Amino acid sequence: MSDYGRRHELPGYLRTWQEKIENRARSTGLDFFPQVFEILSFDEMNEVAAYGGFPTRYPHWRWGMEFERLSKSGEYGLSRIYEMVINNNPSVAYLLEGNSLVDQKLVMCHVCGHNDFFKNNYTFKITDQDRRPPGSAEDLVVSRKDRVPARKWIDTFANHAARVRRHMDRHGVSKVEEFIDVCLALDNLIDPPGRMLEGRSTPTEPEEAEPVEVPKLKAKSYMDSFINPEEYLAAQKKKLEDEAAKAKARFPEKPQRDVLKFLIEHAPLERWERDVLEVVREEAYYFWPQAQTKVMNEGWASYWHSKLMTEYALDGNELIDYADRNASVLSSGGGRSLNPYKLGVELYRSIEERWNKGQFGKEWEDCDSMEERQHWDRRLGLGRKKIFEVRALYNDVTFIDEFLTPEFAVEQKMFTYAWSNRNDRFEIDTREFKAIKDKLLFRLTNFGNPFIFVEDGNHENRSELLLRHEHQGVDLDLEKSRETLRCLHRVWKRPVSILTFIDGRPNTLRYDGKDHATRPGHRA
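Residues numbered from 1 in each chain as written. Predicted model: local features only at pLDDT ≥ 70, side-chain atom pairs only at ≥ 80, totals over all residues. Heavy atoms only, no water.

Draft legend 1. Quick look at the pattern of salt bridges. Enumeration according to the criterion identifies 35 salt bridges in this entry. Here glutamate 178 and arginine 490 are joined by a salt bridge, their closest N and O atoms 3.8 Å apart. Placement of glutamate 178 in helix α8 (residues 173-184) and of arginine 490 in helix α23 (residues 478-492) is noted, with a sequence separation of 312 residues between them. Judged by relative accessible area, which is 34%, glutamate 178 ranks as partly exposed. Three or more residues are tied together by salt bridges with common partners; here these are Glu178, Glu273, Arg490 and Lys493. (Salt bridge = Lys/Arg side-chain N within 4 Å of Asp/Glu carboxyl O. Helix = DSSP H or I, 4+ residues; strand = E, 2+ residues; numbered from the N terminus. Buried < 20%, exposed > 50% of the residue type's maximum accessible area, 1.4 Å probe, protein only.)

Draft legend 2. Examining the nonpolar core more closely. Among the nonpolar cores identified, the biggest contains 55 residues, and Tyr348, Phe399 and Ile400 are the most heavily contacted of them. Element by element, the count of residues in this core is highest for helix α5 (residues 101-120), at nine residues. Excluding residues within four positions of it along the chain, isoleucine 400 makes contact with Leu343, Leu347, Lys437, Leu440, Leu441 and Leu444. Formed by 47 residues, the second largest nonpolar core is a distinct cluster that contains Val176, Met196, Ala267 and Ile498. (Core = buried A, V, L, I, M, F, W, Y, C linked by side-chain atoms within 4.5 Å. Contact = heavy atoms within 4.5 Å.)

Draft legend 3. Representation of the environment of asparagine 458 in the model. In this fold, asparagine 458 is placed in strand β6 (residues 451-459). Judged by its relative accessible area of 28%, asparagine 458 is partly exposed. With 207 residues separating them along the chain, asparagine 458 and phenylalanine 251 place their C-alpha atoms 6.6 Å apart. What asparagine 458 contacts, discounting residues up to four positions off in sequence, is Phe251, Ser463 and Glu464.

Draft legend 4. The arrangement of the sheet that holds strand β3 (residues 91-96) in detail. On the basis of which strands lie adjacent, the open sheet formed by three strands has the order β1-β3-β2 and mixed pairing. The strands lining the two open edges of the sheet, one partner per strand, are β1 (35-40) and β2 (83-86). Across the sheet, the mean angle from the axis of one strand to that of its neighbour is 20°, orientation sign disregarded. With four bridges joining them, β2 and β3 adopt antiparallel strand pairing. Across the sheet, residue isoleucine 86 finds its bridge partner in β3, namely valine 92. Strands in contact with helix α3 (residues 42-50) are β1, β2 and β3; relative to β3, the strand with the most contacts, it is inclined by about 140°. The sheet contacts of α5 involve β1, β2 and β3, and relative to β2 the element is tilted by about 25°. (Pairing = 2+ DSSP bridges. Axes fitted to C-alpha atoms, helices over the stretch in contact; angles between N-to-C directions.)

Draft legend 5. Spatial organisation of the confidence of the model for the protein. On average, residues of the protein carry a pLDDT of 87, and 86% of them reach 70 or more. Element-level pLDDT for the protein is lowest in helix α6 (residues 137-140), with a mean of 47, against a maximum mean of 97 in helix α7 (residues 153-171). Between residues 135-144, whose pLDDT stays under 50, and residues either more than four places distant or in other chains, the model counts 20 contacts. Note that residues 201-207 has pLDDT below 50 and, in this model, two contacts with residues that lie over four places away or in other chains. (pLDDT = per-residue confidence, 0-100.)

Draft legend 6. Inspection of the sheet that holds β6 at higher detail. The five strands lie next to each other as β6-β7-β8-β9-β10, forming an open sheet whose pairing is mixed. Here the strands that pair on one side only, and so sit at the sheet edges, are β6 and β10 (516-520). When strand polarity is set aside, the average angle formed by the axes of neighbouring strands in this sheet is 25°. Where strand β7 (residues 464-470) lies against strand β8 (residues 496-502), four bridges are found, and the strand directions are parallel. Along β8, the bridge assignment pairs leucine 465 with valine 496.

Draft legend 7. Highlighting the pairing of strand β4 (residues 416-420). The pairing of β4 with strand β5 (residues 425-430) spans five bridges and is antiparallel. What sits directly across from tyrosine 417, in β5, is isoleucine 428. Taking the residues between adjacent antiparallel strands as the criterion, β4 and β5 are bridged by four residues, where aspartate 424 takes a positive phi near 55°.

Draft legend 8. Representation of helix α12 (residues 259-266) within the structure. For α12, the set of buried residues is Val259, Leu260, Phe262, Leu263 and Ile264. Buried positions along α12 lie against α13 (271-292), β6, β7 and α23.

Draft legend 9. Seen up close, a nonpolar patch on the surface. A cluster of nonpolar side chains, Phe415, Tyr417, Trp419, Phe426 and Ile428, forms an exposed patch at the surface whose accessible area comes to about 520 Å². Counting residues per element, the ones that place at least two in the nonpolar patch are β4 and β5. With respect to the helices, strands and loops of the structure, tryptophan 419 is situated in strand β4. Taking the relative accessible area as the measure of exposure, tryptophan 419 reaches 43% and is therefore partly exposed. (Patch = residues over 30% accessible without salt bridge, like charges linked within 9 Å, V, L, I, M, F, W, Y side chains within 5 Å. Areas by Shrake-Rupley, 256 points an atom, 1.4 Å probe, with all protein chains shown as cover.)

Given below as structure tokens:
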């Protein structure tokens, strides 16, 4: 065994507990990848955390900055990393050297929950490296009993690192690192739903286009020549044919949300630049499901570490230590506006209780008696089955949209807060359920990022790039928009524009490589 293996392998008593906890977890219905646990020191844990959980990444200054932040935060007692787990097959998880036995057992139970979620939640299907193009609705439902997906992401990230290092050796560290900065500023311009459909065959268009038909105004036969004159119909037909030809010649033919893919395929990049952009795009897709399911994933892991610890792995003399650790994980204070662990686990418990008691369906929804609803219990016992279904088929947005109820918001004392200019502090804004739910959904939809689409790669026939912002009630941050346009110009090497709305009025933001400009109206 290598020196690294000897230093990081689990001691015998922890290997025993790992086997016990995994056997117990499987008996409850959890289905996870094989798990490999390693022991890391404080500095090694911070190093791996700075790399996003991976043992190696491509060279970049931000990893060192993140390592310093984590180290200082740990030294000052502001935070502490107890565990990390990688969505990989086999899954690799890290335990912190020096933790007590109760901490290590809690982490193992928590990791079993995470690993089950990685394997079975549908959003993680895009991280399958052998994924099949979906041919039917059943393919979108993740069923792992008949197929074990290939996820060799540790090897993939190591290969990415080797590729980038090779480019640095050939072209210089500063040059490549500067381009990585540009790519990282654009790494959220991807299309996760579209990723699931990559490889699906598209219907072929007929060789001969159907003739254009001009809609006529309704008129009686004797008035038709006056209401729909031939000259008007001919002019309209020509206009429609011109629009159809223009749309067919548009590049791309339809708006494309995966901006990075469009740039990789069409931007005038050098070979090494295209390769670096491909690396950043591939890694962005790896991390995106975790962003889409933060509440669900952490809630599921917390639910199962609580079940496994209190019902099996916990000794009586460890109860106080466990309660202290668990309370620190689920606390909502300390300046945290939203604790995904707390929100997620309480929602799962609420769903389990509601489906055990039959508090769902038309009869429940139609019941207007508050007293009857409070004592409603049909003893169906469907809670455990329901939460397993939910963990497979939902993401954070659909999870909260469907299962966050007014009763839950009242029970959890939920509210929104806002800055008070009068009192010069943050204060409770409202406890209204709709406002709470809308704010949560808005924050989680696309993880707070704007929806940006490629409209035209040859705007005004000048090889300029035209993007469109799908406005959903909130204007773009103009400072960030200008920086994004600057980075897009670096990749496209021609002027870049984006259509958006500012204060309810259409505007076009443009950057030509020297100056930023804002023009009223949309010139698509």
